[in-house]
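Observations on chain architecture
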Amino acid sequence: MWAGVLLTLLGDGWSLGMFLFIYLPVLAVTFGLFGLAVPRIRRPRAVFGVALLLAGLCLAMQLACLGPGQGGPSEAIFVVGALPMGGGLAVWLATLNRAVDDRWHRSCNE
């Protein structure tokens, strides 16, 4: 949502394209993977903390590549855009391991 506000204020030709083709897919992938991991996270505080961390990572990426006062998008958008997606993937993989461990322990105890 920050990108939408920022790009509306900038109002140049890059705004809509950046939001639709770069920021929106990054947010969709990052929080989609996080959404898959949420049921396997045991503590509500951890869910809130990880969500804040991923949101901060997305915000930092947006500000680094198209912050106020910059004329156009930076070429680093494609590299820095991978950071939030990597964070979402790391959370998903970490919780996936926990789900596999729980299933394995249940099957051994039956």
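Residues numbered from 1 in each chain as written. Predicted model: local features only at pLDDT ≥ 70, side-chain atom pairs only at ≥ 80, totals over all residues. Heavy atoms only, no water.

1. Structural notes on the environment of A51
- With respect to the secondary-structure elements, A51 resides in helix α3 (residues 44–65).
- On the basis of relative accessibility, which here comes to 21%, the residue A51 falls in the partly exposed class.
- Sequence separation between A51 and V38 is 13 residues; the distance between their C-alpha atoms is 9.6 Å.
- The residues contacting A51, other than those within four sequence positions of it, are F31 and F34. (Helix = DSSP H or I, 4+ residues; strand = E, 2+ residues; numbered from the N terminus. Buried < 20%, exposed > 50% of the residue type's maximum accessible area, 1.4 Å probe, protein only. Contact = heavy atoms within 4.5 Å.)

2. Looking at the confidence of the model for the chain
- Residue-level pLDDT values for the chain average 76, and 59% of them are 70 or greater.
- When pLDDT is averaged over each element of the chain, α3 comes out on top at 86 and helix α1 (residues 2–10) at the bottom at 62. (pLDDT = per-residue confidence, 0-100.)

3. Considerations on the packing of aromatic side chains
- Per the stated rule, a full pass over the model turns up one aromatic pair.
- Seen from their ring centres, F31 and F34 are 6.3 Å apart, and the 90 degrees between their planes marks the pair as edge-to-face. Taken together, the residues F31 and F34, both in helix α2 (residues 14–37) and three residues apart, mark about one turn of the helix.
- For F34, a relative accessible area of 8% puts it in the buried group. (Phe/Tyr/Trp six-rings, centres within 6.5 Å; stacked < 30°, edge-to-face > 60°.)

4. So, the side chain of T30
- Counting through the fold element by element, T30 comes out in helix α2.
- Of the polar contacts made by the side chain of T30, one reaches the backbone nitrogen of M85; its length is 3.4 Å.
- Among all residues touching T30, those that are not within four sequence positions of it are L54, C58, P84, M85 and G88. (Polar contact = N/O pair within 3.5 Å; in protein donor to acceptor, adjacent residues only side chain to side chain.)

5. With respect to α3
- For α3, spanning 22 residues, the distance from its first C-alpha to its last is 32 Å, which sits close to the expected 32 Å at 1.5 Å a residue.
- Within the span of α3, buried status applies to V47, L54, C58, M61, Q62 and C65. Looking straight down α3, one finds its buried side chains confined to an arc of 100 degrees; they lie on one side. Exposed residues on α3 whose side chains face more than 90 degrees from its buried face are R45, F48 and L53. (Expected span 1.5 Å × (residues − 1). Arc of directions from axis to C-beta.)

6. Quick look at the environment of P39
- Within the fold, P39 resides in the loop between α2 and α3.
- Spatially, the C-alpha atom of P39 lies 9.0 Å from that of T95, the residues being 56 residues apart in sequence.

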